[in-house]
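Structure assessment
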Amino acid sequence: MTIGRTTLSHHVAQEIIGEIKLRGPRAGDEIPAEGELAERHGVNRLAVREAIRTLVARGVLVSGQGKRARVAVPAPAVLEQIIDFRLSQNSMDLVDPLDSRRASYRGRERRGAGQEATVEAHRRIADAIAAGEGDRAAEAMTAHLAETGHDLGL
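Just so it is clear, the structure is predicted and the values come from calculations on it, not from any experiment. (Residues numbered from 1 in each chain as written. Predicted model: local features only at pLDDT ≥ 70, side-chain atom pairs only at ≥ 80, totals over all residues. Heavy atoms only, no water.)

Some details on the layout of surface pockets
- Of the pockets and cavities examined, the second largest pocket occupies roughly 240 Å³.
- Counting residues per element, the lining of the second largest pocket draws most heavily on helix H3 (residues 45–58), at 4 residues.
- Looking at the lining of the second largest pocket residue by residue, the classes come out as 6 nonpolar, 4 polar and 5 charged. (1 Å grid on protein atoms, 1.4 Å probe; cavity = no way out; pocket = protein on both sides within 12 Å on 5 of 7 lines; lining within 4 Å. Points joined across faces, edges and corners; volume = space filled by probe spheres on them. Helix = DSSP H or I, 4+ residues; strand = E, 2+ residues; numbered from the N terminus. Nonpolar A, V, L, I, M, F, W, Y, C, P; charged D, E, K, R; others polar.)

The structure is reproduced here in structure tokens:
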């Protein structure tokens, strides 16, 4: 088994993500200053700066010149790209999207759910995104994809 090497900035970026998940801040809130993060994680400010740049590039944080970084509000276009990519990876065997749609519909009927259930699932996802509640949006999307996967027999 090979153990990969990580940089200090990668390690700090993972820790910042963990802190956001664990205790906030929420979308739109500022994260601590670079100096405070460097002290908290026992690294230099350069490693923190690089971690922040990485997280900005990933869409986790937003940052402006001379301003403290903030937790990003997930953009619908970014979420759409991620979901589209993941679905294309997981559905390579579903050649015809119309067959897959029919299979999903039949699966939904088998579990006794109608079109309203799908609309409501989409509404929960959209409402959470609009409210800037990324965790709630992720939970709603995960639940919806699990139901769809079950309907498709995946």
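Structural notes on the nonpolar core
- One finds Ile31, Val48, Ile52 and Leu61 to be the most contacted residues of the largest nonpolar core, which totals 17 residues.
- Looking at this core, the elements with two or more residues in it are helix H1 (8–23), helix H2 (34–41) and H3.
- With near-sequence residues (within four places) excluded, Ile52 lies in contact with Ile31, Glu34, Leu37, Leu61 and Ala69.
- If you look at the next biggest cluster of nonpolar residues, it comprises 6 residues, including Ile125, Ala128, Ile129 and Ala140. (Core = buried A, V, L, I, M, F, W, Y, C linked by side-chain atoms within 4.5 Å. Buried < 20%, exposed > 50% of the residue type's maximum accessible area, 1.4 Å probe, protein only. Contact = heavy atoms within 4.5 Å.)

Here we look at the side chain of Glu19
- Of note, Glu19 is situated in helix H1.
- Contacts of Glu19, omitting those with residues within four sequence positions, involve Gly24, Leu37, Arg40 and His41.

Description of the confidence of the model for the protein chain
- Put simply, the protein chain has an average pLDDT of 81, and 84% of its residues get 70 or more.
- By mean pLDDT, the top-scoring element of the protein chain is H2 (94), and the lowest-scoring one is helix H4 (residues 76–90) (69). (pLDDT = per-residue confidence, 0-100.)

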